[in-house]
Amino acid sequence: MNRFLFVIADFLSRPPGFYVLIAAMIACTAMVPFGLTNVITYALSVAAIVITGVVLIQGYRDTAAIHAKLDEIIVGLKETRNNVVGLEHAEPEEIRAHLARLELEAAVADQEAEHEGVTPAAAKRNKMRQRSRNLGSRS
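Summarised in this report is the structure supplied together with it. Within every chain, residues take consecutive numbers counted from 1 along the sequence as written. Confidence filtering applies because this is a predicted model: local features only for residues at pLDDT of at least 70, side-chain atom pairs given and counted only at 80 or more, and all residues used for totals across whole chains, interfaces and linings. Hydrogen atoms and water are omitted, and side-chain values are computed over all heavy atoms in the structure.

1. A word on the overall build of the chain
Inference 1: Only DSSP runs of H or I with at least four residues qualify as helices, and only runs of E with at least two residues qualify as strands; both kinds are numbered from the N terminus onward. Helices and strands together make up the secondary structure of the chain, namely 5 helices and 0 strands.
Inference 2: Of the regular secondary structure in the chain, the N- to C-terminal order runs α-α-α-α-α.
Inference 3: Each residue is assigned to one of three classes by its accessible area relative to the maximum for its type, calculated with a 1.4 Å probe on protein chains only: buried under 20%, partly exposed between the two thresholds, exposed over 50%. The buried share among the 139 residues of the chain stands at 14%.
Inference 4: Of all intrachain contacts in the chain linking residues separated by at least 6 positions in sequence, the fraction that spans at least 24 positions is 38%.
Inference 5: Using the Shrake-Rupley algorithm and a 1.4 Å probe, accessible areas are obtained, with residue cover drawn only from the displayed protein chains. When the accessible surface of the chain is totalled, it reaches about 10,800 Å², and 65% of it is carbon and sulfur. The contact definition used throughout considers only heavy atoms, calling two residues in contact when any of these lie within 4.5 Å.

And the structure:
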């Protein structure tokens, strides 16, 4: 069933699928003079639900792909902390707490850089180089 839904969502999210929906809505509108108002209302309601489903499915796919790509980058870079991989599966409170820690860490790093008279970006590069050296000396 999932495969079927993904195929339908993929079709409807592209121009030909959108044209099919537009044609269906025009056909429903053309039936109004024939007294089929209930049928038209039902058809347009179903179309709205289908479009909503398409948006949700495509959003899910896009988000999952983005998370997979970001996780690949995180794991591939030796300077990063791997504890953020899979964070999207955590409870919202846990995500907020982790984000608050990261923001605090970034603010502290910016203050340290200001104190040292270095731009924040240069300070981060220096910190990453230092971490890299530390990791290299441990092996």
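2. Thoughts on the pattern of salt bridges
Inference 1: The rule for a salt bridge is simple: a side-chain nitrogen of Lys or Arg has to be within 4 Å of a carboxyl oxygen of Asp or Glu. The tally for this structure, following the rule as stated, stands at 2 salt bridges.
Inference 2: Arg14 serves as the salt-bridge partner of Asp10, at 3.0 Å between the closest nitrogen and oxygen.
Inference 3: For Asp10, a relative accessible area of 25% translates into the label partly exposed.
Inference 4: For Arg14, a relative accessible area of 46% gives the class partly exposed.
Inference 5: Residues Glu93 and Arg96 are paired through a salt bridge, measuring 3.8 Å at the closest nitrogen-oxygen approach. With a gap of 3 residues between them, Glu93 and Arg96 both fall in helix H4 (residues 92-116), about one helical turn apart. In this pair, the class of Glu93 matches that of Arg96, namely exposed.

3. Quick word on the packing of helix H2 (residues 15-30) against helix H3 (residues 37-76)
Helix packing geometry: the angle between the two helix axes and the distance between the axes.
Inference 1: H3 packs onto H2 with a crossing angle of 165° between their chain directions and a minimal axis gap of 10 Å. With respect to their mutual orientation, H2 and H3 come out roughly antiparallel. Where H2 crosses over H3, the handedness of that crossing is left-handed. Where H2 approaches H3, its residues Leu21, Met25 and Cys28 are matched on the opposing element by Ile40, Ala43, Leu44 and Ile51.
Inference 2: Partitioning the contact of H2 with H3 into residue classes produces 7 nonpolar, no polar and no charged. Only the stretch in contact is used when fitting a helix axis, every axis being a line fitted to C-alpha atoms; angles between N-to-C directions are given from 0 to 180 degrees. Here the word oblique covers every angle except those under 35 degrees (roughly parallel), over 145 (roughly antiparallel) and from 65 to 115 (roughly perpendicular). The crossing is said to be left-handed when, going from far helix to near helix, the turn is anticlockwise and less than a right angle, and right-handed when the turn is clockwise. Gly counts as polar in this scheme, as do all residues outside two lists: the nonpolar Ala, Val, Leu, Ile, Met, Phe, Trp, Tyr, Cys and Pro, and the charged Asp, Glu, Lys and Arg.

4. Description of the side chain of Gln58
Inference 1: Its location among the elements puts Gln58 in helix H3.
Inference 2: What makes Gln58 buried here is its relative accessible area of 18%.
Inference 3: Residues in contact with Gln58, not counting those within four places in the same chain, are Ala9, Asp10 and Ser13.

5. Focus: the nonpolar core
Inference 1: The biggest cluster of nonpolar side chains holds 5 residues, and these are Ala9, Leu12, Leu21, Val54 and Ile57.
Inference 2: Contact partners of Leu21, with chain neighbours within four places excluded, come to Leu12 and Ile51. What we call a nonpolar core is a set of buried Ala, Val, Leu, Ile, Met, Phe, Trp, Tyr and Cys residues that are connected through their side-chain atoms within 4.5 Å.

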